[in-house]
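# Fold and geometry: a report
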Amino acid sequence: MTPRYDPIARSLHWLIALMILGSFALGLYMHELPLSPQKLKLYSWHKWAGVSIFLLVLGRAAWRITHRPPPLPSGMTALQKTLAGAGHGLLYLLMFAIPLSGWLMSSAKGFQTVWFGILPLPDLVAKDADLGDALRSLHEALNLLLALSVAGHVLMALKHHFIDKDGLLLRMAPGKSASR
């Protein structure tokens, strides 16, 4: 039997993954729309998702700190284990930095973030058009880096499953049990 992440870690992993995918797709779609009430509504939804992702990632990081993950397959080299740790570290960093850069961008552009239309979040910086443009570029670059990192994450998981056949992918598989 392959050692697995606990159900909470697996649930948070897949919930955050789906939310990031949806938020990324929404961001790509809404970016090119002409200014309209519909575009503003989509921007609100995108910001709601970003705040929610940020909070879920905080919870996931806390869970990860207090709940040890299952061991990596014994056949992995020290370099592979180091690279896996670095890749996961980059993913966590980006999952924090991207929502934060979006919040900073909204603040600099003078558009307050109101989570679910109910809870106004404080602006993190004063309104500044040039800063807002720079933060937009940063937000977009970080999203591109996240897309590339997620692609690498998925490719490595598939490599471990289909080539190495070491059970690594099954550690995070949804469902009650997964065996080799």
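In this report, the structure presented in the accompanying data block is examined. None of the values given here were measured: they were computed from a predicted structure.

### Considering the pattern of salt bridges
A full pass over the atoms with the stated rule returns three salt bridges. Taking the shortest distance from any N to any O, the salt bridge between Lys109 and Asp133 comes out at 3.1 Å. In this pair, Lys109 sits in helix H3 (residues 78-109) while Asp133 sits in helix H4 (residues 129-164), placing the two residues 24 residues apart along the sequence. The residue Asp164 makes a salt bridge to Lys159 at a minimum N-O spacing of 2.5 Å. Given the relative accessible area of 31%, Asp164 is considered partly exposed.

### Considerations on helix H2 (residues 37-66)
Here H2 is 30 residues long and its end C-alpha atoms lie 44 Å apart, about the 44 Å a rise of 1.5 Å per residue gives. Along H2, the residues classified as buried are Lys39, Leu42, His46, Lys47, Ala49, Gly50, Val51, Ser52, Ile53, Val57, Arg60 and Ala61. Looking at the buried residues of H2, the elements they touch are helix H1 (7-31), H3, strand S1 (114-115) and H4.

### Here we look at the packing of H2 against H3
Two elements in contact, H2 and H3, have axes separated by 9 Å at closest approach and are oriented at 145 degrees. Of the two possible hands of crossing, H2 and H3 adopt the one that is left-handed. In contact with Lys47, Gly50, Phe54, Val57, Leu58, Arg60, Ala61 and Arg64 of H2, H3 contributes Tyr92, Met95, Phe96, Pro99 and Ser106. Counted by class, the contact of H2 with H3 contains eight nonpolar, two polar and three charged residues.

Rules behind the numbers
Residues numbered from 1 in each chain as written. Predicted model: local features only at pLDDT ≥ 70, side-chain atom pairs only at ≥ 80, totals over all residues. Heavy atoms only, no water. Salt bridge = Lys/Arg side-chain N within 4 Å of Asp/Glu carboxyl O. Helix = DSSP H or I, 4+ residues; strand = E, 2+ residues; numbered from the N terminus. Buried < 20%, exposed > 50% of the residue type's maximum accessible area, 1.4 Å probe, protein only. Expected span 1.5 Å × (residues − 1). Contact = heavy atoms within 4.5 Å. Axes fitted to C-alpha atoms, helices over the stretch in contact; angles between N-to-C directions. Left-handed = near helix turned anticlockwise from the far one by under 90°. Nonpolar A, V, L, I, M, F, W, Y, C, P; charged D, E, K, R; others polar.

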